[in-house]
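Letter by letter, the chains look like this.
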Amino acid sequence: MNLENYFMVYEKAIPKKFCEELIRYGDTLNPDIGLVGDIKKVPDNEKDLKQLTKTRNSYISWLSEPWIWKTLKPFINLANEQSGWNYDLSHAEPAQFTRYSKTQHYDWHMDQHPKPYDNPRDASHGMTRKISLTLSLNDGGEYEGGELEFRLPDSKGEKVINNNKSRLQGTLTIFPSFVFHRVSPVKKGTRYSLVVWNLGFPFK
């Protein structure tokens, strides 16, 4: 899909106090290893665990507190309008608190699944991820590496864009969930972020 804007950045839009409270809260929730694709639980053998962490190596917790969504929702709506996407959205999944320490990373991926959710008992049934949001919870000066990068189409095939502003504490980066992106390996320190996925019925 050819877009005029592949991501929107709102620099230092979220207060420092909010970010620091999320870090303190997230670190109390016993984060687990982040999973990918069809993997539903952390592998119990070294071979499969190594394969998983080759693609994604981070620790995550899930947050469903209404105050988080209340703070972030206006920016999602703003980005959806200002970017020209104008996607029909329904609601968001629980927020994902993520911690990347030294050598941890998340290789190239998109957040949107190949098929809509299929669970008639859940409000997300028949829906798909449409817009992703990443909030930088700590300042990039506290870690090295850990760059949020996008792989975008251009006239020669593809180009990689390093979103340097995303390293600023309180900065929001909002993009369609089908856009390929990655977090490069952290070389020093710890990178904290919050991710939210916004759902809607499939594109027509």
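Residues numbered from 1 in each chain as written. Predicted model: local features only at pLDDT ≥ 70, side-chain atom pairs only at ≥ 80, totals over all residues. Heavy atoms only, no water.

Counting secondary structure elements, the protein chain contains 3 helices and 14 strands. The globule rule puts the C-alpha radius of gyration for 204 residues at 17 Å, and the 16 Å found for the protein chain is close to it. When its C-alpha atoms are laid out on the principal axes, the protein chain stretches across 45 × 40 × 35 Å. Within the protein chain, buried positions represent 47% of all 204 residues. Of all intrachain contacts in the protein chain linking residues separated by at least 6 positions in sequence, the fraction that spans at least 24 positions is 84%. As displayed, the protein chain has an accessible area near 11,300 Å², and 49% of this comes from carbon and sulfur atoms. Charged side chains in the protein chain number 28 positive and 25 negative. The centres of these two groups are separated by 1 Å. (Helix = DSSP H or I, 4+ residues; strand = E, 2+ residues; numbered from the N terminus. Rg over C-alpha atoms; globule rule 2.2 N^0.38 Å. Buried < 20%, exposed > 50% of the residue type's maximum accessible area, 1.4 Å probe, protein only. Contact = heavy atoms within 4.5 Å. Areas by Shrake-Rupley, 256 points an atom, 1.4 Å probe, with all protein chains shown as cover. Lys, Arg positive; Asp, Glu negative; His and termini not counted. Charge placed at Lys NZ, Arg CZ, Asp CG, Glu CD.)

Read across the sheet, 5 strands follow the order E3-E6-E12-E9-E10 without closing on themselves; strand pairing throughout is antiparallel. With one partner strand each, in any of the chains shown, strand E3 (56–57) and strand E10 (157–162) form the two edges of the open sheet. Relative to strand E6 (residues 105–109), E3 is paired through 2 bridges, and the arrangement is antiparallel. Within E6, the residue paired with Asn57 across the bridge is His105. (Pairing = 2+ DSSP bridges.)

As a further point, take helix H3 (residues 66–82). The end-to-end C-alpha distance of H3 is 25 Å, a good match for the 24 Å that 17 residues give at a rise of 1.5 Å each. Remark: the principal bend of H3, roughly 35°, maps to Leu72, with a proline, Pro74, within the next four residues. Those residues of H3 lying buried are Ile68, Leu72, Phe75, Ile76, Ala79 and Asn80. Positioned one or two residues after H3, Gly84 has a phi angle of 90°, which is positive. (Expected span 1.5 Å × (residues − 1). Bend = angle between axes of the 7 residues up to and from the residue.)

Its location among the elements puts Gly34 in the loop between strand E2 (32–33) and helix H2 (46–55). Gly34 sits 25 residues away from Tyr59 along the chain, and the two C-alpha atoms are 5.5 Å apart. Excluding its chain neighbours within four sequence positions, the residues that come into contact with Gly34 are Leu52, Arg56, Ser58 and Ile60.

This part is about the nonpolar core. Ranked by internal contacts, the top residues of the largest apolar core, which has 34 residues, are Leu72, Leu135, Leu137 and Leu194. Broken down by secondary-structure element, the contributors of at least two residues to this core are strand E1 (8–10), helix H1 (16–26), H3, strand E5 (95–100), strand E7 (128–136), strand E9 (148–154), strand E11 (172–176) and strand E14 (191–200). Broken down by element, this core gets its largest block of residues, 5 residues, from H3. Core analysis: the second largest hydrophobic core is formed by 7 residues, Ile33, Tyr100, Val183 and Val186 among them. (Core = buried A, V, L, I, M, F, W, Y, C linked by side-chain atoms within 4.5 Å.)

In this section: the pattern of salt bridges. Tallying each qualifying case throughout the model produces 7 salt bridges. Among the ionic pairs, Lys16 bridges to Glu20, the shortest N-O distance being 3.9 Å. Linking Lys16 with Glu20, this pair stays in helix H1, spanning 4 residues, or about one helical turn. Overall, the relative accessible area of 51% leaves Lys16 in the exposed class. Overall, Glu20 belongs to the partly exposed group, its relative accessible area being 31%. (Salt bridge = Lys/Arg side-chain N within 4 Å of Asp/Glu carboxyl O.)

Moving on: unusual backbone geometry. The phi angle at Lys12 is positive, at roughly 50°, despite the residue not being glycine. Checked against the element boundaries, Lys12 lands in the loop between E1 and H1. The backbone of Asn30 sits at a positive phi, close to 50°, despite the residue not being glycine. Mapping Asn30 onto the fold places it in the loop between H1 and E2.

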